[in-house]
Amino acid sequence: MRLALLALIIPITLSAQPEFYGYFESEADIMQVAGTNYSFGYNKLRLDVEARPNDYILIGANMNIQQYWGQTTWNMLDFLPENIWKPIFQSEYVPDSLWVNELPYAIPDTMLLDNVYMRVTFPYFDLTFGRQQISPGVGYAWNPIDIFNSKTLLDPSYEQTGVNVIRGDFPLGSRSTITTIIQPEEKWSRSTKQVLLKTGLGSFDFELTAAQFDWNRTVFNMLSGPGAFVSQRTLTGGSLVGEIFGWGVWAEIANNRIENDSDFLETVLGVDHTFDNGLYLLMEHLHNENGIPDKADLSMDSFLQGLGGETHSLMQDYAFVYLMHQTFDYVSLSAIAFANLNDQSGSFGPQVDWNIFEDTNLSLQGSFSWGDDDTEFGLQDLGL
């Protein structure tokens, strides 16, 4: 399939004077989790190409090549509190010789055709076909109305993987647009569907959305291992973003109705501001009714769904803070802090960015966690 797509794209791009761009990224990491040290890293090359055969068609694609080094097989039990996995893998009713203390997970090298799409501009609307970026919502660390992507709290703004959809954009005046997104499946009833209406009023922009999709959640069975539980999920919600007295403000809300399960609400509230001394501050709060309110009720399924990005959070209430200051001409200092307000755990990550040369950047980031060993972030000691 990939070769066929490339065979179609290359002749068109060659005849349309394509533009090539991209980047190379190399990263080295050291972290300590549950008393175990992990040393690893990767080298990544992203190559993008865009071409316009005429004024009405845009064709784009990008390929990611990522090669890992160091420790590339991890023990997933290191990332779970002992009170969660020991009753399952080291039960008192099972002989010691059958106890399990490792659940290996290998991180594979990848060569991925991440995005490949064609956008066709008609007089009254645009259609985009293929694997493309879909990122609804206005939140920085969390996006309750985004049904396609998941984020990591240590780097929420990192690029997201493309999704195979058909997208239509229908302008309605200068500040209003209706966007329809369809991810076809074998049956229309199981296809992912989302509609978004974006508009503006004064200094605020608004977005309303409705979506329906199959929600896959991991469930663990001791005999068969991880499996999947699928429910149809219907989401209605929206977002707003604007400015009040020099402070940026935003909100995002999603009401979720789950087939044969409990409904829940997710909300994000955020503010940001740049002070006179150049210090930039961003703060967000997430409330997720789907999360577990008490850590005593956490289960293996809860952690697997959280680690896999199937849920926006493990528990219900979280806070996120980001600080950044352009301290010198080519050096900026920043820090990220986030906390699980239910189990009183969190992490703090200071960072230094140095723009060494044009288009060349060196970053150094640390992370230091707090909380008990049976909490979400307390299990993760430190990282660099």
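Residues numbered from 1 in each chain as written. Predicted model: local features only at pLDDT ≥ 70, side-chain atom pairs only at ≥ 80, totals over all residues. Heavy atoms only, no water.

(A) Structural context of the overall build of the protein chain. The secondary structure content of the protein chain amounts to 3 helices and 21 strands. In terms of overall size, the protein chain behaves like a compact globule, its C-alpha atoms giving a radius of gyration of 23 Å where 384 residues would be expected to give roughly 21 Å. If you line up the protein chain on its principal axes, its C-alpha atoms span 70 × 55 × 45 Å. Relative to its full complement of 384 residues, the protein chain shows a buried share of 39%. Accessible area of the protein chain: about 21,400 Å², with a carbon and sulfur share of 59%. Side chains of the protein chain give 18 positive and 49 negative charges; the mean places of these two sets differ by 10 Å. (Helix = DSSP H or I, 4+ residues; strand = E, 2+ residues; numbered from the N terminus. Rg over C-alpha atoms; globule rule 2.2 N^0.38 Å. Buried < 20%, exposed > 50% of the residue type's maximum accessible area, 1.4 Å probe, protein only. Areas by Shrake-Rupley, 256 points an atom, 1.4 Å probe, with all protein chains shown as cover. Lys, Arg positive; Asp, Glu negative; His and termini not counted. Charge placed at Lys NZ, Arg CZ, Asp CG, Glu CD.)

(B) Focus on helix α3 (residues 300–307). Inspection of α3 places Met300, Ser302, Phe303, Leu304 and Gln305 among the buried residues, and these make up the whole buried set. Buried-residue contacts for α3 involve α2 (82–89) and β11 (204–221). (Contact = heavy atoms within 4.5 Å.)

(C) Summary view of the nonpolar core. Counting residues in hydrophobic clusters, the biggest one holds 27 residues, and the most contacted among them are Trp142, Leu153, Leu298, Met300, Tyr318 and Phe320. For this core, the secondary structure elements donating two or more residues are α2, β15 (280–288), α3, β16 (317–325) and β17 (331–340). Setting aside residues no more than four positions away along its own chain, Met300 makes contact with Leu80, Ile84, Trp85, Ile88, Phe89 and Phe220. Counting 15 residues, the second-largest nonpolar core is a separate cluster that includes Ile134, Val165, Phe213 and Ala254. (Core = buried A, V, L, I, M, F, W, Y, C linked by side-chain atoms within 4.5 Å.)

(D) Highlighting α2. If you check which residues of α2 are buried, you get Ile84, Trp85 and Phe89. Viewed end-on, α2 has its buried residues packed into an arc of 90°, placing them on one side of the element. Looking at the packing, one finds that the buried side of α2 touches β11 and α3. (Arc of directions from axis to C-beta.)

(E) A look at the pattern of salt bridges. Evaluation of the coordinates by the stated rule reveals 12 salt bridges. Two residues, Arg46 and Glu159, come together in a salt bridge whose shortest N-O distance is 3.3 Å. Here the residue Arg46 occupies a position in strand β2 (residues 36–54), and Glu159 occupies one in the loop between β7 (126–132) and β8 (163–171), the gap between them amounting to 113 residues. For Arg46, a relative accessible area of 14% gives the class buried. Across the pair Asp374 and Lys295 runs a salt bridge whose closest N-O atoms are separated by 3.2 Å. You can see Asp374 sitting in the loop between β20 (367–370) and β21 (380–383) and its partner Lys295 sitting in the loop between β15 and α3, a full 79 residues away along the chain. Judged by relative accessible area, Asp374 falls into the partly exposed class, the value being 30%. (Salt bridge = Lys/Arg side-chain N within 4 Å of Asp/Glu carboxyl O.)

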